[in-house]
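Breakdown of the fold
Residues per chain, in single letters:
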Protein chains: 2
Amino acid sequence: VPGEFDFIDWLGRQPLPSPQRIERIAVGVGDDLAALTWTQEDGLLLVGVDQVMDGVHFDSAVHTPRAIGRKAMNRNLSDCAAMACLPAAAVATLCLPTGVGVDYAKELFLGMQEAAGVYHCPVVGGDTGSWPGKLVVTVTILGRSAGVTPVTRTGARPGDRIYVTGPLGGSIKGRHMTFSPRVDLARDLAKNHRITAMADLSDGLLRDLRNICLASRVGARLAAGRIPVHPDVGAADRDAGLVAAVSDGEDYELVLTSPDMLGPPCVDVGTVTDAPHLSIETGKAEVTMAFDEIGGGGWEHDL
Amino acid sequence: VPGEFDFIDWLGRQPLPSPQRIERIAVGVGDDLAALTWTQEDGLLLVGVDQVMDGVHFDSAVHTPRAIGRKAMNRNLSDCAAMACLPAAAVATLCLPTGVGVDYAKELFLGMQEAAGVYHCPVVGGDTGSWPGKLVVTVTILGRSAGVTPVTRTGARPGDRIYVTGPLGGSIKGRHMTFSPRVDLARDLAKNHRITAMADLSDGLLRDLRNICLASRVGARLAAGRIPVHPDVGAADRDAGLVAAVSDGEDYELVLTSPDMLGPPCVDVGTVTDAPHLSIETGKAEVTMAFDEIGGGGWEHDL
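Reading the values: rules and limits
Residues numbered from 1 in each chain as written. Chains lettered and ligands numbered in written order. Predicted model: local features only at pLDDT ≥ 70, side-chain atom pairs only at ≥ 80, totals over all residues. Heavy atoms only, no water. Salt bridge = Lys/Arg side-chain N within 4 Å of Asp/Glu carboxyl O. Helix = DSSP H or I, 4+ residues; strand = E, 2+ residues; numbered from the N terminus. Contact = heavy atoms within 4.5 Å. Buried area = accessible area lost by both parts, 1.4 Å probe. Polar contact = N/O pair within 3.5 Å; in protein donor to acceptor, adjacent residues only side chain to side chain. Nonpolar A, V, L, I, M, F, W, Y, C, P; charged D, E, K, R; others polar. Axes fitted to C-alpha atoms, helices over the stretch in contact; angles between N-to-C directions. Parallel < 35°, antiparallel > 145°, perpendicular 65-115°, else oblique. Left-handed = near helix turned anticlockwise from the far one by under 90°. Least-squares fit on C-alpha atoms with pLDDT ≥ 70 in both. Buried < 20%, exposed > 50% of the residue type's maximum accessible area, 1.4 Å probe, protein only. Pairing = 2+ DSSP bridges. Right-handed = clockwise from strand over helix to strand, strands pointing away.

Looking now at the pattern of salt bridges. Residues and elements named next belong to chain A. Throughout the structure, instances matching the rule amount to 34 salt bridges over all chains. Asp 268 is paired through a salt bridge with Arg 226; the nearest N and O atoms lie 3.3 Å apart. Of the two residues, Asp 268 is situated in strand E11 (residues 267-273) and Arg 226 in the loop between strand E9 (219-223) and helix H8 (238-247); the sequence distance between them amounts to 42 residues. In this structure, Lys 284 engages Asp 239 in a salt bridge whose closest nitrogen and oxygen atoms are separated by 3.3 Å. On the criterion of sequence distance, the pair formed by Lys 284 in the loop between strand E12 (277-281) and strand E13 (286-290) and Asp 239 in helix H8 is long-range, its members being 45 residues apart. Among the charged side chains, a network of salt bridges with common partners joins Arg 66, Arg 70, Glu 107 and Glu 114.

Right, here's the structure in full:
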């Protein structure tokens, strides 16, 4: 990449999110790998990676590099929320289209740093390449359990209530670029309640809930009337709104299960069952969906 | 991605590299994040990420997905070597061209796993996307210092010897896809000798040594006659071979500095100086290169 070394120099000069985080960094940006201290208080080390691709997760003709960087980081922070862990550090890669220039790369980085800075999470390394293809940004997030046992997808039990943390659907109108990951809410919930399973809503409620069901070997029954539909959906009627709310992806709210009564912002949308499928009670009828049917969207015609 | 859930299911069923590593994994493939235990014996947590892009680091028309996966992982393992740490776990992303199919993705994964398995390093998570663009593979590597202080680029001192761990140049003939990262050698060296700085040779000896010099605020003098030229270079004469050996990238040998005498496979190629530049003694003359000149290649005409 032309200017790559200047970019790495510039990265090395960027202020770190907070003095506390500096202590963690034994070796920072600019070496072969970063080195971090990990104490007993940090607990389990969580790790995951998520990518955004031009034309799939954003449109570089419409969205600024700052917004793209923020989204790439926030998707990963949302995974931290889904596990109820604290973001600890991140590394990132950029596939830059030939000729976009170092300033564009800096804006991508600043967007990532802006999002991560909310959680005092430093970007400690990365890799930058240039090619005749489109922009791809990946972020790898490291999280620490820090006193809260990670919430997996495997613990949902029949009888648990199913909750979502906010209204769903229509994020394509803009929220998919601007959402705030629910890290603090997830930590609070996991500290103060029995949360048996949790995931973030990236693929839409039905798909993400299906994943929890498969991992926990349970079923789920949703109450159509209780599912909060986001105003962004702008549907002609309640049924169309409901389809969007349960199918649209990239809400980045949480779906979780608990035997406890949870107050706002959690909305009770249904019950964990021992059935081998998902169903939606519409009042008129109960629409049943086999797990392997979800994703195709054929069930939508039954609602 | 069509078949993405099948692929994730398949990933979750893959055998882990060794029983020892299973203990580390508290949450494996298939949740929002993987969770790993980190003990005091693991020491510092090292982290870095490296990507390979079709047409830049490999050619998907020529190289098999197995070989591409291996290379993506081995580049990261080579970064572990450069820091003298042990690979602990990895996560990966795939940008798959539309229509390549799940079998292709599996081969990429198996290549990664093959390379990582040498070091009992599990692939614990990832993200897969499909797009009309070309293949991009990223691997994020986690390493553990495990009793050996990480070797950075910052400790080279005037008077130290400069070593490389094998013959250089011509890797484009094929070695760039098939190299073995020098993890064990690096750990042995760092355990038994005073290694003051180290990096892996991904950008070519001159550029990578330049990076050590800048990080350590020193200079370097290379002895042209001692630089081992790989037979793959196939140069017409010694001078042309030398240019390839110091300029070609992707050797994935190590360059390191030490006040100690090091035996094979380390080859003494020069001396750390207090000059603000690199130079090469050719016997006929000493060619001096300013740090910001390296990379352009203009100096090659002086050799």
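Listed as interface residues are 57 residues of chain A and, on the opposing side, 56 residues of chain B. For the chain A and chain B pair, buried surface summed over both sides reaches about 4,300 Å², with 67% attributable to carbon and sulfur atoms. Taken together, the connections running from chain A to chain B amount to four salt bridges. The tally of links between chain A and chain B comes to 15 residue pairs in polar contact (both at pLDDT 80 or more). For the side of chain A that touches chain B, a count of residues per class yields 32 nonpolar, 13 polar and 12 charged.

Turning to the packing of helix H3 (residues 65-83) of chain B against helix H4 (residues 102-117) of chain B, a few remarks are in order. All names here are of chain B. Packing of H3 against H4 brings their axes to within 7 Å, and their N-to-C directions diverge by 40°. The angle between H3 and H4 places the two elements in the oblique class. Crossing of H3 against H4: the hand is right-handed. Residues Pro 65, Arg 66, Ile 68, Gly 69, Arg 70, Met 73, Asn 74 and Leu 77 of H3 form the contact with H4, whose own contacting residues are Tyr 104, Glu 107, Leu 108, Leu 110, Gly 111, Met 112, Glu 114, Ala 115 and Ala 116.

Attention now goes to the relation of the copies chain A and chain B. Its rotation angle being 180°, the transformation that places chain A on chain B also includes 0.0 Å of axial translation and leaves an RMSD of 0.0 Å. Expressed as an axis order, the relation between the two copies is that of a two-fold axis. Here 98% of the interface residues in chain A have copies in chain B that are interface residues too; the copies meet face to matching face.

Let us now look at helix H8 (residues 238-247) of chain B. Residue and element names in this part refer to chain B. The buried count for H8 comes to seven of 10 residues, which makes it a mostly enclosed element. Among all positions of H8, only Gly 241, Leu 242, Val 243, Ala 244, Ala 245, Val 246 and Ser 247 are buried. The secondary structure elements touched by the buried residues of H8 are helix H7 (205-216). Measuring from the side-chain oxygen of the N-cap residue of H8 to the backbone nitrogen of Asp 239 gives 3.3 Å; that N-cap residue is Asp 237.

Turning our eyes to something else, we now look at the sheet that holds strand E1 (residues 25-27) of chain B. Pairing is mixed in the open sheet, where six strands are placed in the order E5(A)-E4(A)-E6(A)-E3(A)-E2(B)-E1(B). Across the chains shown, the open sheet's two edge strands, defined by having one partner strand only, are strand E5 (123-131) of chain A together with E1 of chain B. Geometrically, the sheet is characterised by an average inter-axis angle of 20° between neighbouring strands, direction not taken into account. Sheet analysis places strand E3 (residues 45-53) of chain A next to strand E6 (residues 136-144) of chain A, joined by nine bridges and oriented antiparallel. Of the residues in E6 of chain A, the one forming a bridge with Leu 45 of chain A is Arg 144 of chain A.

All names here are of chain A. A cis amide bond links Pro 264 to the next residue, Pro 265, at an omega of 5°. Of note, Pro 265 is situated in the loop between strand E10 (254-258) and E11. Even without glycine at this site, His 120 takes up a positive phi of about 50°. Using a relative accessible area of 38% as the deciding quantity, one classes His 120 as partly exposed. Unlike most non-glycine residues, Arg 217 shows phi in positive territory, near 55°. Note on placement: Arg 217 falls in the loop between helix H7 (205-216) and E9.

This paragraph deals with the environment of Ser 180 of chain A. All names here are of chain A. Among the structural elements, Ser 180 can be located in the loop between helix H5 (175-178) and helix H6 (183-192). Residue classification places Ser 180 among the partly exposed residues on the basis of a relative accessible area of 47%. In sequence terms Ser 180 and Leu 44 are 136 residues apart; their C-alpha atoms lie 24 Å from each other.

This brings us to the pairing of E13 of chain A. Residues and elements named next belong to chain A. Burial along E13 is one-sided: Val 287 and Met 289 are buried, and none of Glu 286, Thr 288 and Ala 290, which face the opposite way, are. One ladder, built from five bridges, connects E12 with E13; its direction is antiparallel. Looking at E13, one finds that Leu 278 is bridged to Met 289. Counting the residues between successive antiparallel strands, the hairpin from E12 to E13 contains four residues, one of them, Gly 283, with a positive phi of roughly 95°.

Spatially, six strands are ordered E1(A)-E2(A)-E3(B)-E6(B)-E4(B)-E5(B) in an open sheet, and the strand pairing comes out mixed. If you trace the sheet from one side to the other, it starts and ends with strand E1 (25-27) of chain A together with strand E5 (123-131) of chain B, each paired once. With strand direction ignored, the average angle separating the axes of adjacent strands in the sheet is 20°. Looking at chain direction, strand E4 (residues 86-97) of chain B and E5 of chain B are connected through eight bridges and run parallel. Directly across from Thr 93 of chain B, in E5 of chain B, lies its bridge partner Asp 127 of chain B. Contacting E1 of chain A together with strand E3 (45-53), E4, E5 and strand E6 (136-144) of chain B, H3 of chain B runs over the sheet at an angle of about 145° to E3 of chain B. This element, H4 of chain B, spans E4, E5 and E6 of chain B of the sheet and lies at about 160° to E4 of chain B.

Our next topic: the side chain of Arg 75 of chain B. All names here are of chain B. Locating Arg 75 in the fold gives a position in helix H3. When its relative accessible area of 8% is taken as the criterion, Arg 75 is described as buried. Within polar-contact distance, the side chain of Arg 75 engages the side chain of Tyr 252 at 2.8 Å.

All names here are of chain B. In the contact formed by helix H1 (residues 4-13) and H4, the axes pass within 10 Å of each other and the chain directions differ by 30°. Considering their axes alone, H1 and H4 lie roughly parallel with respect to each other. As H1 packs across H4, the resulting crossing turns out to be right-handed. Residue-level contacts link Phe 7, Trp 10 and Leu 11 of H1 to Val 102, Ala 105, Lys 106, Phe 109 and Leu 110 of H4. Of the residues that constitute the contact of H1 with H4, the class distribution is seven nonpolar, no polar and one charged.

Every other side chain in a regular strand lies on the same face of the sheet, so the side chains alternate between the two faces. All names here are of chain B. Where burial is concerned, most of E4 is hidden: 10 out of the 12 residues are buried. As paired strands, E4 and E6 are joined by nine bridges and run antiparallel to one another. Residue pairing across strands places Leu 94 opposite Val 137, the latter belonging to E6. Between the parallel elements E4 and E5, the chain passes through H4 in a crossover that is right-handed.

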